[in-house]
Amino acid sequence: NAGVMQNPRHLVRRRGQEARLRCSPMKGHSHVYWYRQLPEEGLKFMVYLQKENIIDESGMPKERFSAEFPKEGPSILRIQQVVRGDSAAYFCASSPPLAVYQETQYFGPGTRLLVL
Amino acid sequence: GNSVTQMEGPVTLSEEAFLTINCTYTATGYPSLFWYVQYPGEGLQLLLKATKADDKGSNKGFEATYRKETTSFHLEKGSVQVSDSAVYFCALVGAGGFKTIFGAGTRLFVKA
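So, here's what we can say about the structure. Values in this document were obtained by computation on a predicted structure and should not be read as measured data.

Calculation rules
Residues numbered from 1 in each chain as written. Chains lettered and ligands numbered in written order. Predicted model: local features only at pLDDT ≥ 70, side-chain atom pairs only at ≥ 80, totals over all residues. Heavy atoms only, no water. Disulfide = S-S within 2.5 Å. Helix = DSSP H or I, 4+ residues; strand = E, 2+ residues; numbered from the N terminus. Buried < 20%, exposed > 50% of the residue type's maximum accessible area, 1.4 Å probe, protein only. Contact = heavy atoms within 4.5 Å. Pairing = 2+ DSSP bridges. Axes fitted to C-alpha atoms, helices over the stretch in contact; angles between N-to-C directions. Patch = residues over 30% accessible without salt bridge, like charges linked within 9 Å, V, L, I, M, F, W, Y side chains within 5 Å. Areas by Shrake-Rupley, 256 points an atom, 1.4 Å probe, with all protein chains shown as cover. Salt bridge = Lys/Arg side-chain N within 4 Å of Asp/Glu carboxyl O.

Describing the state of the cysteines
Applying the stated criterion to the full structure yields two disulfides over all chains. Note on cysteine connectivity: Cys 23 of chain A is disulfide-linked to Cys 92 of chain A, with sulfurs 1.8 Å apart. The chirality of the disulfide connecting Cys 23 of chain A with Cys 92 of chain A is left-handed, given an S-S dihedral of about -55°. On the criterion of sequence distance, the pair formed by Cys 23 of chain A in strand β3 (residues 19–24) and Cys 92 of chain A in strand β9 (residues 88–95) is long-range, its members being 69 residues apart. Each member of the pair, Cys 23 of chain A as well as Cys 92 of chain A, is classed as buried. Between the sulfur of Cys 23 of chain B and that of Cys 90 of chain B lies a disulfide, 1.9 Å long from S to S. Classification of the bridge connecting Cys 23 of chain B and Cys 90 of chain B rests on its S-S torsion, roughly -70°, and on that basis the disulfide is left-handed. With Cys 23 of chain B in strand β4 (residues 23–26) and Cys 90 of chain B in strand β10 (residues 86–93), this residue pair connects regions lying 67 residues apart in the sequence. Across the pair, Cys 90 of chain B and Cys 23 of chain B agree in class, each one buried.

See the structure below:
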């Protein structure tokens, strides 16, 4: 059973460009979470999605950031008009459907975004 | 709100030394508690977890006990190896919740 997959693993963008990060959850998982890790810090929750629904986006910046998890295909975290402060590692995690709250989340390897 | 506080690093130990990384939390009810490990350039791996008071999580020689009375979940290992060098994150998911709240991480260096 493959783990959570993220691509690309590394992404370099110039200021003002768009960054698109992809996450494929573990097989059979339908809950996806995105976290951001700034340099030398812990991970911070951004958004929680189920198929075609955003459940909680309280950790998402109000502008330029959006996330989706379509019926088919991976979850996408999109950052428009990137700025240097967006440089970070972005981690995706997944958990099974009908998950009991406080269920373990399984993390992907992360996408390291560098904005020049 | 819920929060996790863990000891600042870096922690530098010699091989075979005893390891303790302190972690305390603030949360209502009974959160689930986790330790994750992050090796250089990699993602997070679940190291161990505990879901109720007095539970002991253990894996690869690491242990942590869920102490409700002291709101702590300290990570211990009796004899560290060079390969244990990594960043260790204490984390919780609140009762009835889904957001994982992470501590700032503790970097461990083990010297041969």
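Some words on the environment of Thr 24 of chain B
Residues and elements named next belong to chain B. Mapping Thr 24 onto the fold places it in strand β4. Assessed through its relative accessible area of 32%, Thr 24 is described here as partly exposed. With 42 residues separating them in the primary sequence, Thr 24 and Tyr 66 have C-alpha atoms 10.0 Å apart. Not counting residues up to four positions away in its chain, the partners in contact with Thr 24 are Ser 3, Val 4, Thr 5, Thr 71, Ser 72 and His 74.

Regarding the sheet that holds strand β9 (residues 75–77) of chain B
Residue and element names in this part refer to chain B. Spatial strand order, β3-β9-β8-β7: four strands in an open sheet with antiparallel pairing. Strand pairing shows two members of the sheet lacking a second neighbour, β3 (19–21) and β7 (56–59), which therefore form its edges. With direction set aside, neighbouring strand axes in the sheet form an average angle of 15°. Pairing of β3 with β9, which is carried by three bridges, proceeds in the antiparallel orientation. Considered in β9, the bridge of Leu 19 is made with Lys 77.

Some points on a nonpolar patch on the surface
There is a patch of nonpolar side chains on the surface, built from Val 12, Leu 114 and Leu 116 of chain A and spanning about 250 Å² of accessible area. Structurally, Val 12 of chain A is set in strand β2 (residues 10–13).

Thoughts on the sheet that holds strand β8 (residues 75–79) of chain A
Residues and elements named next belong to chain A. Read from one edge to the other, the open sheet built from four strands follows the order β1-β3-β8-β7, with strand pairing classed as antiparallel. Unpaired on one side and paired on the other, β1 (5–7) and β7 (65–68) mark the two borders of the sheet. On average, each strand axis in the sheet is tilted by 15° relative to the strand beside it, whichever way the strands run.

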